[in-house]
Structure formats: structure tokens, C-alpha cells
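Examining the three-dimensional arrangement
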There are 2 protein chains.
Amino acid sequence: MTIPPDDRGLLLGDGLFETLLADAGELVCFSAHMDRLAQGCGVLGLPRPDPDEIHALARSALAHAGLGGGRAAVRVTWTAGSGGRGLGRPEELAPRLLVTAAPAPWPKSAAKLATASVRRNEGSPTSRLKTLAYLDSVLARREAQAAGADEALMLNNSGAVACAAAANIVWVKDERLRTPALELGVLAGIVRQQLLAEAKDRGVTVEEGRWGIEALFEADAVFLTNSLIGVRPVASLDGRPLRQQVGQSTVWLLRGRR
Amino acid sequence: MTIPPDDRGLLLGDGLFETLLADAGELVCFSAHMDRLAQGCGVLGLPRPDPDEIHALARSALAHAGLGGGRAAVRVTWTAGSGGRGLGRPEELAPRLLVTAAPAPWPKSAAKLATASVRRNEGSPTSRLKTLAYLDSVLARREAQAAGADEALMLNNSGAVACAAAANIVWVKDERLRTPALELGVLAGIVRQQLLAEAKDRGVTVEEGRWGIEALFEADAVFLTNSLIGVRPVASLDGRPLRQQVGQSTVWLLRGRR
């Protein structure tokens, strides 16, 4: 499959994506990903794709790539399609669906974070969605890698901790689970949401709020979450080691590859 | 020409573009556009395209579209090419160049602006560049059109006036020319730059600074600028008429279709 040069996803980042974990052919949290995609379509003003078609294309992509039996990443791309002039969309939208599969190895070690100079845009709804306009995260990741780290910590324009370039960030402090509130420019991560729900079920106090970077240095343990890595411990931030000391009520996080 | 589905411009907005005015076959301000594109490549970490190749492709696209003799828009798209996993770029970048031409009619009337809720991200260098991650501007324009206007006024996260969805904004106050400073999240527009230089040449005081939305209601005249529209007067903002009263030393702006 190829894409025509007038696709609005290509020209303007006008579209959405999802990255799902496939485990032995099963698409993990498929309906949660489809719900988020549908919600994003509402924000962008796009028609919603058919989850059954996506499911069938994903299984076919996995089989075609010889990844049906193992662990793989499935990427679903939903562009606004062709047409329109400049920023304006055409009268009739004909979105374009792409589904691809690739190997998804586990990260080999705890993450080393570096704070990026690129900020999350808390003033745009796109900061809470997985859109095709993902360049800020690409640049943040590049900055982190240039600093010898493997993932970027992103602050928003008011200096609050928001998330990583391609993951949410959560931490434990005094046996409470803390994570930045979505309105700070945070991607509404599916593993983030699950983790908060599981913590509440286990009687752990969950706090979604606003913190500066010092909160991470004062945390008892810091984790990244996304659909491919599950829950990954963070070893250091800007070259300074972070504590990894969870107590009785939060030790389950360390088993958290999900 | 078609684009493979693993192009990073499509998947992540990883790339840049320029929109040039072609007038009777001449590419207006060609070298200024090439300079901005090269500067953007430096920020994104991309190799620079060959201006001679772009010039040849543009002339060919204009001829092919039957637009060689009139007024047309040429779009140059430079993507980071294929490859890499997730956010990470491949070891060897092979960027992809696309050049297309389309008619570019003059706007029929003065602009009606509406303030969008989507903010410019002053905390990212991408807010000063024309990148393929242009979705925030698409959404801002949609908001403005839904409000009955034809272009969006965008503020940044600190509430300062930044620019329009696809144009810079400049205004006259007491015979001074004012425009938001680039560090507020403003695209480094080529017509903006030319206009400021011309004003200085004419002895008009130019102020690049920080203003709230009230500055526009208090202005003597407000204009949008970009390469296709040149200088376009603004008639109203959020349904309130704006003054259009320039004096002796700034009346040249009204002749400003360039």
C-alpha cells in the first residue's frame, strides 16, 4: 500500500494513531485503544474508523510479518485523507487507514531520563491525544539521546512535569501513587489509566496533580508506562540516580510488565 | 509519485514544508524560503535539500498543472524519509522531497478573525517553523470557521497574541508597526520579516514584543501576512470591528499585496 502525496496526514499531521501490543496474536486492550481513537476523532472532527476492520487488518499484518505467535507492536494510523486546500479540509472527508506490525522487544534495562528543552503544549487538545503531529516528541527524544539518556522527560510551558516523549510517568511517594493531571498536556495513556485504577482497587491513594521536577528527585520510585513497555522503572534523571524503594502496598508495581 | 506507508512525515510529522507564491512562473522570494527550510533542517537534524532540485521540480509542477503563466502556490515538502522504530530515526536518513503546485486566488475581502482555544506552543522550536506537524493550526482554523470567521487568532500558553493559523499578524498603533516577538511561539514568516525591514527603511518605528488581545482592539489597523496573501487587512476580531485608520507614514501597508 502507498499513500498519495496529497494525504493530509502527510502534509499537515492531520490524523491520529494508536500503538497496540500484540501478545501471541491477542491485541491487548483492543477496545480501550479503539475508544481512545474514537474520542480523538471527536476532537479532530474526523469520522470514526470501524474497529472490526482494524482488528482484521491487524491480524493480517501480524501474520504477514510472521509475528502472529510472539510479542509485537501494531500501529494503527488514521489520516484525514486527501484533499482540501491549505489548512482547510475538503467537503467530504475520506480518511485513510493503515495498519502495520513490527517486533516489540522489551526494554533491556531501567530507563535513563533527561529533561528536554521542548515543552508539552498544555494549551492544545492534541497534547492529550496520539496525533500524527508527533514531531515535538521526536525532537525531545533526540535531545535526551544526545544527552546520553534513552528517554526524555517533558515539562509543560508552566514548568510542570507532564510525561515522557512516548510514555506516561508515575511515581511513588510515601506509598501514594502520583502522576501529572491530564490537563497539564499529558497523553491520556491506557496503561496509565489501568495502573491508577488498579492502585485504587488495592487501596493505594492516587493523586493526579501538578508537580515540578524536584518531585521526581524526592520520589521513592519512578516509572514510565506505555502499551509496549508496560511499567518500566526509571533509574536516573539528568544523570542523577533516582530512588527505587517501594513499600508493601506498592511493590506490585515492580511486577508490572503488563 | 506516491509515499510509502513508513514515511516519518506521515507517521510522526517528522519534516518541514514551505509554501511559495509563483507569479507568472517566477518563484517569489525563492532564496528566503530555501534559507528558512535549511534553518529548519538544522533544528530538526535533517540533511538539507538541494535548492536547484527544488527550483527545477517547482517549474515542472507549475507547467504540469498549467499554472506557469499565472498566480499559483508551490508547496515544497521535505520529510525525514522512511525507517526507524517508533520515535527513533534510522542510522542513515534518506529524506523525501515532494513539490506540488495549485491555484492561489487572492482573498476576496478583509479577514474576519476569531480567537481559537488552541494555543501556540512557545516552548517548542517547532512553533517557529513550518513543520509537517501542523495539526494545531488545522484545529484552530476549524474553530474560527465554526465561529463564522475565516481565520484564527492564536494566543500562546501565557495569553500573549502570537499569530494566525497560517499567517503572521502585525498592527499599527500611533504610526508604529507592532508584531509579536518570535519567541512567543510565532512562525518566522518571510513577508513578516520583509515588512519589518521595509518599515524600518521608511523610518517607521518597529516594535517586536508581547501584547494581549486588547492591543488588537486598540490598534489603528491590523493586518495578516503570509507568502500567498501578502498583506491582508483584518476587518474584525471575535465579531467586533477593528479600526482601519492608518496615517501618512504607514499608508503604504494598504498597498501591500506583495
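For the structure, see preceding data.
Quick summary incoming for the structure in this document. Just so you know, these numbers come straight off a predicted model, no measurement behind them.

**Here's the deal with the packing of aromatic side chains**
Here the structure, examined in full by the defined rule, presents 4 aromatic pairs over all chains. Between W171 of chain A and W211 of chain A, the aromatic rings sit 5.3 Å apart at their centres with planes inclined by 75°, giving edge-to-face as the arrangement. Of this pair, W171 of chain A sits in strand 8 (residues 168–173) while W211 of chain A sits in the loop between strand 10 (206–209) and helix 6 (214–217), and the two are 40 residues apart along the sequence. Ring plane angle 80° and centroid distance 5.1 Å describe the contact between F17 of chain B and Y134 of chain B, whose orientation is recorded as edge-to-face. Note that F17 of chain B is positioned in strand 1 (residues 15–23) and Y134 of chain B in the loop between strand 5 (111–115) and helix 4 (135–146), a separation of 117 residues in sequence. Per residue, the accessibility class of F17 of chain B equals that of Y134 of chain B, and both read buried. A cation sits over an aromatic face here: R75 of chain A above F17 of chain A, 4.0 Å from the ring centre. The cationic tip of R240 of chain B hangs over the ring face of F217 of chain B; the distance from NZ or CZ to the ring centre is 3.7 Å.

**So, unusual backbone geometry**
Trans peptide bonds make up the majority, and among non-glycine residues the majority have a negative phi. One non-glycine residue, A24 of chain A, adopts positive backbone phi at about 50°. Residue class for A24 of chain A comes out exposed when judged on its relative accessible area of 52%. Even without glycine at this site, D238 of chain B takes up a positive phi of about 50°. Among the structural elements, D238 of chain B can be located in the loop between strand 12 (230–237) and strand 13 (240–241).

**Let's talk about the nonpolar core**
As a rule of thumb, nonpolar side chains are buried together in soluble globular proteins. Counting residues in each nonpolar core, the largest one holds 88 residues, and the members touching the most others are L27, V74 and V76 of chain A together with L27, V74 and V76 of chain B. Setting aside its immediate chain neighbours within four residues, V76 of chain A contacts L16, F17, E18, L20, L37, I54, L97, L98 and V99 of chain A.

**Thoughts on the relation of the copies chain A and chain B**
Placing chain A over chain B gives an RMSD of 0.0 Å and needs a rotation angle of 180°, together with 0.0 Å of translation along the axis. The superposition of one copy onto the other is thereby described by a two-fold rotation axis. A share of 100% of interface residues in chain A that are also interface residues in chain B marks the association as one of identical surfaces.

**Quick look at the interface of chain A and chain B**
You'll often see interface size given as the accessible area lost when the parts meet. In this assembly, 50 residues from chain A lie in contact with 51 residues from chain B. Of the roughly 3,800 Å² buried between chain A and chain B, counting both surfaces, carbon and sulfur atoms make up 62%. Of all residues in chain A, L10, L87 and L135 of chain A give up the largest surface area on contact with chain B, accounting jointly for 19% of the area buried on that side. The tally of links between chain A and chain B comes to 27 residue pairs in polar contact (both at pLDDT 80 or more). Mapped onto the side of chain A that touches chain B, the elements with two or more residues apiece are helix 1 (8–12), strand 1 (15–23), helix 2 (30–44), strand 3 (71–79), strand 4 (96–103) and helix 4 (135–146) of chain A.

**Structural notes on the pairing of strand 7 (residues 161–164) of chain B**
All names here are of chain B. Here strand 6 (residues 151–155) runs beside strand 7; their pairing, made up of 3 bridges, is antiparallel. Paired with L155 across the bridge in strand 7 is V161. The turn linking strand 6 back onto strand 7 is made up of 5 residues, and G159 within it adopts a positive phi angle of 90°.

The rules behind each value
- Per-chain numbering applies: the sequence of each chain, read as written, is numbered from 1 onward.
- Think of it this way: whatever chain is written first is A, whatever ligand is written first is 1, and the rest follow in order.
- Selection of residues for local features in this predicted model requires a pLDDT of at least 70, selection of side-chain atom pairs for listing and counting requires 80 or more, and totals for whole chains, interfaces and linings are taken over all residues.
- Side-chain numbers here rest on the full set of heavy atoms in the structure, without hydrogens or water.
- Any Phe, Tyr or Trp ring, taking Trp's six-membered ring, that has another such ring centre within 6.5 Å forms a pair; planes under 30 degrees apart are called stacked, those over 60 apart edge-to-face, and the others tilted.
- Helix numbering and strand numbering both begin at the N terminus, where a helix is a DSSP run of H or I of at least 4 residues and a strand a DSSP run of E of at least 2.
- Between buried and exposed lies partly exposed: a residue is buried under 20% and exposed over 50% of the maximum accessible area for its type, with that area taken using a 1.4 Å probe on protein chains only.
- Geometrically, a charge over a ring is one whose NZ (Lys) or CZ (Arg) sits within 6 Å of the ring centre while staying within 35 degrees of the ring normal.
- Each nonpolar core is a collection of buried residues, namely Ala, Val, Leu, Ile, Met, Phe, Trp, Tyr and Cys, held together in the definition by side-chain atoms within 4.5 Å.
- We call two residues in contact when some of their heavy atoms are within 4.5 Å.
- The least-squares superposition of copies is restricted to C-alpha atoms, and to residues with a pLDDT of at least 70 in both copies.
- Buried area is a sum: the accessible area each of two parts loses on coming together, probed at 1.4 Å, counted once for each and added.
- As used in this structure description, the phrase polar contact means that two N or O atoms lie within 3.5 Å; if the pair is within protein, one of them must be able to donate a hydrogen and the other to accept it, and residues adjacent in sequence are counted only when both atoms belong to side chains.
- Pairs of strands are assigned from DSSP output, requiring at least two bridges between the strands.

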